[in-house]
Number of protein chains: 4
Amino acid sequence: MFLIDVQSKTPIFEQLKKQILEFISIQVLSPNDKLPSVRSLASQLGVNPNTVAKAYQELETQGYIYTVKGKGCFISDNDTDAQIRLEKMKEFKDKVKEMKKYHIGKDGLYQTINEVYEEEYHD
Amino acid sequence: MFLIDVQSKTPIFEQLKKQILEFISIQVLSPNDKLPSVRSLASQLGVNPNTVAKAYQELETQGYIYTVKGKGCFISDNDTDAQIRLEKMKEFKDKVKEMKKYHIGKDGLYQTINEVYEEEYHD
Amino acid sequence: MFLIDVQSKTPIFEQLKKQILEFISIQVLSPNDKLPSVRSLASQLGVNPNTVAKAYQELETQGYIYTVKGKGCFISDNDTDAQIRLEKMKEFKDKVKEMKKYHIGKDGLYQTINEVYEEEYHD
Amino acid sequence: MFLIDVQSKTPIFEQLKKQILEFISIQVLSPNDKLPSVRSLASQLGVNPNTVAKAYQELETQGYIYTVKGKGCFISDNDTDAQIRLEKMKEFKDKVKEMKKYHIGKDGLYQTINEVYEEEYHD
DNA sequence: GTGGTCTAGACCACA
DNA sequence: GTGGTCTAGACCACT
């Protein structure tokens, strides 16, 4: 279910966070679903448990998941998926602003969007 | 001319690289223009010369500038500005792909682009 | 394992790079092998950690090794040894072209090769 | 007659030395021929006179040219061309040794030599 | 005066 | 403990 690239420049715990958020956004993980335990996920991915713990901790701080002592971590139930997409839209807007800074015309951006959305769905 | 945020999480030398690329892209810096000397830029920004040197060196290995020992660093002359915009478009495409992964519709993206590009130009 | 000549005109970090490439080429270092840590190699060679780090960083940008933060540096896994030999052959070809420019006959070159390759293997 | 690449990593004075040696080797410049004056060559190439002077000085130290005060620099007359080719052969031998270190077979080297020497002559 | 290399030593993020 | 970034200050080669 989770895929990690240890050679990537982005820290493992960030990769994990991102994937969990993705799963929430597309409702593969729904409110009150249980996340795998830190230790099981760590051993499954072959990474340090501290790394998984860090990802979970940050997600909790940001309100996307909640922890029940002795039971595990669960997806929050406050429109979490909508929040995530809002967050992503903000990132997108920042990217667009950057494009504008480089004097890149909006037509090129439209075209790129169309290209991407016309492709078949794949990972 | 150059602005650095020492508080930022992104390394100083990366901020510098980005700004130089921006200036090339919008042709504030044109092929064979001379960049400020490592030492002068460093003292002007209040950072260590090594930091500026690192930015320049990376830009050189990436082919955006060239160095003449004893004379200084200069903007490369092979359509560097076009190359940079291409690179940026690639980044944008990746971002759009990410949006698609999160099941965000393309209409929202269009709208965001319009918002950004309708604003007055500012830094 | 590594030998550095601090007197040499060629920079220490270049000497290091060369030796590492040599070891990869003759498969003393194989894909995914771990390189010595920056600090340990530095102290072993009696040089500054920054110097070793620079060598590693350049090897990484050239694609010969990859870095996993918090774990160390490792040999890349894409036929790195073959790539290095190809690179070396290119250097050799350039040298031969130079010889031709100086109007040196190819017979002399053959002879030199035979001399070198008939000697016993040594460092 | 002389060609300089200011963007090259090899210092200008080295490029100059190399070209002069090349011309001696192929007898475009013969013993007792006069070299262009420091100032004329410098202005012709658009480089600093000190740079040309440095090239000449090193060539004199190495015995390839001699200076007559108030008259100029001249090619030495002691089989200079043969000496240069010897020097070049030494460089070639070092390169071959390097190839051997990387465990590159001699057959590949033969082949490369043939390729180069079969090409038409060009710069 | 220009960039290139190096040292000594520091702090941080990641695992 | 690992590499990444940064500072302060030094020496060298090239122009």
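Small disclaimer: the values here were computed from a predicted structure and weren't measured.

(A) Representation of the nonpolar core. Formed by 67 residues in total, the largest nonpolar core has its most connected members in Phe-92, Leu-109 and Ile-113 of chain C together with Phe-92, Leu-109 and Ile-113 of chain D. Those residues within four positions of Leu-109 of chain D in sequence are excluded, and the remaining contacts are Met-89, Phe-92, Ile-113 and Tyr-117 of chain C together with Val-96, Met-99 and Ile-104 of chain D. Core analysis: the next-biggest nonpolar cluster, separate from the first, contains 65 residues, Ile-12, Ile-75 and Ile-104 of chain A together with Ile-65 of chain B among them.

(B) Main features of the protein's contact with DNA strand F. Looking at DNA strand F, there are 27 residues lining it, with Ile-12, Asn-48, Asn-50 and Thr-51 of chain B together with Arg-39 of chain C nearest. Backbone atoms, meaning sugar plus phosphate, form 71% of the atoms of DNA strand F positioned within 4 Å of the protein. Within the side chain of Asn-48 of chain B, one N or O atom sits 2.6 Å away from a base nitrogen of DNA strand F. Secondary-structure elements contributing two or more residues to the surface near DNA strand F are α1 (12-25) and α3 (49-61) of chain B, α2 (38-45) and α3 (49-61) of chain C together with α1 (12-25) and α3 (49-61) of chain D. Looking at the surface near DNA strand F element by element, the count peaks at three residues for α3 of chain B.

(C) Representation of the packing of helix α2 (residues 38-45) of chain A against helix α3 (residues 49-61) of chain A within the structure. Residues and elements named next belong to chain A. As a packed pair, α2 and α3 sit with axes 8 Å apart at the nearest point and diverge in direction by 125 degrees. With respect to their mutual orientation, α2 and α3 come out oblique. Classified by chirality, the crossing of α3 by α2 is right-handed. Between α2, through Val-38, Leu-41 and Ala-42, and α3, the contact on the second element is made entirely by Pro-49, Val-52, Ala-53 and Tyr-56.

(D) Highlighting the side chain of Asp-81 of chain C. All names here are of chain C. Mapped onto the fold, Asp-81 is located in helix α4 (residues 80-101). Separated by 2.8 Å, the side chains of Asp-81 and Gln-27 make a polar contact. Among residues more than four places away in sequence, those in contact with Asp-81 are Ile-24, Ser-25 and Gln-27.

(E) Structural view of the relation of the copies chain C and chain D. Between chain C and chain D, the superposition needs a rotation of 179 degrees and an axial shift of 0.2 Å, giving an RMSD of 0.3 Å. The two molecules are tied by a two-fold rotation axis, judged by turn and shift. The rotation axis passes nearest to the C-alpha of Tyr-110 of chain C in chain C, at a distance of 3.5 Å. Most of the interface of chain C is mirrored in chain D, where 100% of its interface residues are also at the interface.

(F) Structural detail: α1 of chain D. Here α1 of chain D contains 14 residues, and its C-alpha end-to-end distance of 20 Å stays within 8% of the 20 Å for a straight helix at 1.5 Å per residue. Taken together, the buried positions of α1 of chain D are occupied by Ile-12, Phe-13, Gln-15, Leu-16, Lys-17, Gln-19, Ile-20, Leu-21, Glu-22, Phe-23, Ile-24 and Ser-25 of chain D. Tucked inside the fold, the buried residues of α1 of chain D contact α4 of chain C together with α2 (38-45), α3, β2 (72-75) and α4 (80-101) of chain D.

(G) Here's a closer look at the domain arrangement of chain A. All names here are of chain A. The domain architecture assigned to chain A consists of domain 1 (12-75) and domain 2 (80-122). Between the C-alpha centres of domain 1 and domain 2 the distance comes to 27 Å. Contact residues are listed per partner, giving six residues for domain 1 and seven residues for domain 2. Counting the surface lost from both domain 1 and domain 2, the interface buries some 610 Å², and carbon and sulfur atoms represent 59% of this. Three residues, Ile-24, Ser-25 and Tyr-64, lead the burial of domain 1 against domain 2; their summed loss comes to 65% of the area buried on that side. The interface formed by domain 1 and domain 2 includes two residue pairs in polar contact (both at pLDDT 80 or more). Each residue belonging to the side of domain 1 that touches domain 2 can be placed in one class, and the counts come to three nonpolar, two polar and one charged.

(H) Just the packing of aromatic side chains, in detail. By the definition in use, this model includes 12 aromatic pairs over all chains. Measuring from centroid to centroid gives 5.7 Å for Tyr-66 of chain A and Phe-74 of chain A, while their planes differ by 25 degrees, and the two rings are stacked. Plain terms: the ring middles of Phe-2 of chain D and Phe-23 of chain D are 5.6 Å apart, the flat faces sit at 75 degrees to each other, and that makes the pair edge-to-face. With a gap of 21 residues between them, Phe-2 of chain D in the segment before α1 and Phe-23 of chain D in helix α1 connect regions that are remote in the sequence. Here the two residues Phe-2 of chain D and Phe-23 of chain D agree in accessibility, since each one is buried. Positioned above the aromatic ring of Phe-13 of chain B, the side-chain terminus of Lys-54 of chain B is 4.5 Å from the ring centre.

The rules behind these values
Throughout, a residue's number is its position along its own chain's written sequence, starting from 1. Naming scheme: in the order in which they are written, chains are lettered from A and ligands are numbered from 1. For a predicted model such as this one, the threshold for reporting local features is a pLDDT of at least 70, and the threshold for listing and counting side-chain atom pairs is 80 or more; totals across whole chains, interfaces and linings nevertheless cover every residue. To get the side-chain values, all heavy atoms of the structure are used, and hydrogens and water are removed first. Remark: nonpolar core denotes a set of buried residues (Ala, Val, Leu, Ile, Met, Phe, Trp, Tyr, Cys) joined through side-chain atoms within 4.5 Å. Throughout, exposure labels follow a simple rule: accessible area from a 1.4 Å probe, protein chains only, divided by the maximum for the residue type, with under 20% read as buried, over 50% as exposed, and the rest as partly exposed. Contact between two residues is taken to exist if any of their heavy atoms lie within 4.5 Å; hydrogens are not considered. By convention in these notes, a residue is near a molecule or strand provided one of its non-hydrogen atoms lies within 4 Å of it. N or O atoms closer than or at 3.5 Å make up a polar contact, with two conditions inside protein: a donor-capable atom paired with an acceptor-capable one, and, for residues adjacent in sequence, both atoms drawn from side chains. Going along the chain from the N terminus, every DSSP run of H or I of four or more residues is numbered as a helix, and every run of E of two or more is numbered as a strand. Orientation is described by lines fitted to C-alpha atoms, with helices fitted over the stretch in contact, and by angles between N-to-C directions that extend from 0 to 180 degrees. What sets the label is the angle itself: under 35 degrees gives roughly parallel, over 145 gives roughly antiparallel, 65 to 115 gives roughly perpendicular, and the rest give oblique. Handedness of a crossing is defined here by the sense of rotation of the near helix relative to the far one, left-handed for an anticlockwise turn of less than a right angle and right-handed for a clockwise turn. Least squares is the method used to superpose the copies, on C-alpha atoms of residues holding a pLDDT of at least 70 in both. The span you would expect from a helix comes to 1.5 Å times its residue count less one. The split of the chain into domains comes from an automatic or database domain assignment. Accessible area, probed at 1.4 Å, shrinks when two parts are joined; the buried area is that loss added up over both. The classification used treats Ala, Val, Leu, Ile, Met, Phe, Trp, Tyr, Cys and Pro as nonpolar, Asp, Glu, Lys and Arg as charged, and all other residues, Gly among them, as polar. For Phe, Tyr and Trp, where Trp contributes only its six-membered ring, two rings pair if their centres lie within 6.5 Å, and the inter-plane angle classes them as stacked under 30 degrees, edge-to-face over 60, or tilted in between. Only Lys NZ and Arg CZ are tested; either one counts as a charge over a ring when it is within 6 Å of the ring centre and within 35 degrees of the ring normal.

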